Amino acid sequence: TEAVGLYNLGQSCCLNSLLQAFLMNIRFTRILRRIRVPSSPAQRRNNVPYQMLLLLEKMQSGKSKAVDPIDLACCLSEHRVELFVQHDAAQLFLTLWNLLKKQMKKPELVEELSDLYAICVQQHLACQKCSFEIKGNSTLLTLPLPVLDANSHRLRTLEDCLQYFFHPEELTGQNMCFCQQCGRKTTFLQSVKLVHLPDTLTLHLKRFCFERSSRTHKLSHYLPFPQQLDLREVLAESQCQADDSEKATWQFELFAVVAHSGSTSCGHYCAYIRSLTDCKWYCFNDSEVCQVSWDDVKCTYGHSSLYWRETAYLLFYMKKHPQ
């Protein structure tokens, strides 16, 4: 009935933030509540969907302001998810989702989980000397959006990042590809086109980049993102491979922000989530949960001179009218 926190087990803020983003999503918990319960105690201990369901029920029992996710954490450790170490939220999100998909035994639930989170894109390669081209669809869990362009210039808005991600790239010089039709290496045009968007669209702002010194650097500059996102208005016709009925569903509303503060070597995660029941924003900072305003969420836009402050890292957008 109300937002409940998760105790930090020791550098588990990343896991806690992602669990809140999953469990506050009613469309996800509807799937979770229909899983098949494993038969033996050992199977139940090692089953991620089941342990996540137990945690959800523990959180909804209403007995405390925060609960301990130790059973789920121990279950994850059995699947080689390290405890007491810093995780990258984008990588851990992919790991959790794959474990959920792998251990949900009902095919219809696996399909619903994919419908909820999986993005379909078309990879396209076209020779610039002849008509030879290669096309193929692939599935992504997140759209990994660069926050800098090829010349290391800052992209100004989320919409700019989306347009840049789907902008065609010319492969020249050492990047040229072998063309079967020309019989030699030629210049190719490489592009990604959007085919299908899920009910929950996850955007990964690539704020961590590698420098020539092999050190990871955090990009903290200002990058605003909207509450309402219509991909039909953001992307050009040439950047999409979808019919009008598919595009009609591409209107989204911001549901959650997983934000990172600190540096690459010493950081902390928290989550800002809009409750789907009362439509209010909450900040989930491990065991501490409080109601916040949209202005508080906007503080995660970033600021170049405030390196240690919170910056949005994962954005979860939800379809306004899913089919």
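Keep in mind it's a predicted model, so treat the numbers as computed, not measured.

What counts and how
Residues numbered from 1 in each chain as written. Predicted model: local features only at pLDDT ≥ 70, side-chain atom pairs only at ≥ 80, totals over all residues. Heavy atoms only, no water. Salt bridge = Lys/Arg side-chain N within 4 Å of Asp/Glu carboxyl O. Buried < 20%, exposed > 50% of the residue type's maximum accessible area, 1.4 Å probe, protein only. Helix = DSSP H or I, 4+ residues; strand = E, 2+ residues; numbered from the N terminus. Pairing = 2+ DSSP bridges. Contact = heavy atoms within 4.5 Å. Domains from an automatic or database assignment. Buried area = accessible area lost by both parts, 1.4 Å probe. Polar contact = N/O pair within 3.5 Å; in protein donor to acceptor, adjacent residues only side chain to side chain. Nonpolar A, V, L, I, M, F, W, Y, C, P; charged D, E, K, R; others polar.

### Examining the pattern of salt bridges
Inference 1: By the definition in use, this model includes six salt bridges.
Inference 2: Here Arg232 and Asp230 are joined by a salt bridge, their closest N and O atoms 2.8 Å apart.
Inference 3: A relative accessible area of 14% means that Asp230 is categorised as buried.
Inference 4: Across the pair Glu253 and Arg274 runs a salt bridge, and its minimum N-O distance is 3.9 Å. One end of the pair, Glu253, is in strand E14 (residues 251–262); the other, Arg274, is in strand E15 (residues 267–274), and 21 residues separate them in sequence.

### Here we look at the pairing of strand E9 (residues 188–196)
Inference 1: The pairing of strand E3 (residues 119–127) with E9 spans eight bridges and is antiparallel. What sits directly across from Val121, in E9, is Leu194.
Inference 2: The sheet contact formed by strand E6 (residues 169–171) and E9 spans three bridges and is antiparallel. Across the sheet, residue Glu169 finds its bridge partner in E9, namely Gln190.

### Description of the environment of Leu53
Inference 1: Summarising the element assignment, Leu53 is placed in helix H4 (residues 48–59).
Inference 2: Expressed as a C-alpha distance, the spacing of Leu53 and Leu315, which sit 262 residues apart in the sequence, is 24 Å.
Inference 3: In contact with Leu53, not counting residues within four places along its chain, are Leu32, Arg33 and Ile35.

### Describing the domain arrangement of the protein
Inference 1: According to the domain assignment, the protein consists of domain 1 (1–118) and domain 2 (141–166 + 198–322).
Inference 2: If you look at the interface, domain 1 gives 31 residues, while domain 2 gives 33 residues.
Inference 3: Carbon and sulfur atoms make up 67% of the surface buried where domain 1 meets domain 2, a total of about 2,500 Å² over both sides.
Inference 4: In this assembly, domain 1 and domain 2 are joined by zero salt bridges.
Inference 5: Linking domain 1 with domain 2 are twelve residue pairs in polar contact (both at pLDDT 80 or more), by the criterion used here.
Inference 6: Looking at the side of domain 1 that touches domain 2 element by element, the count peaks at seven residues for helix H1 (residues 13–23).
Inference 7: Of the residues assigned to the side of domain 1 that touches domain 2, the class counts are 19 nonpolar, eight polar and four charged.

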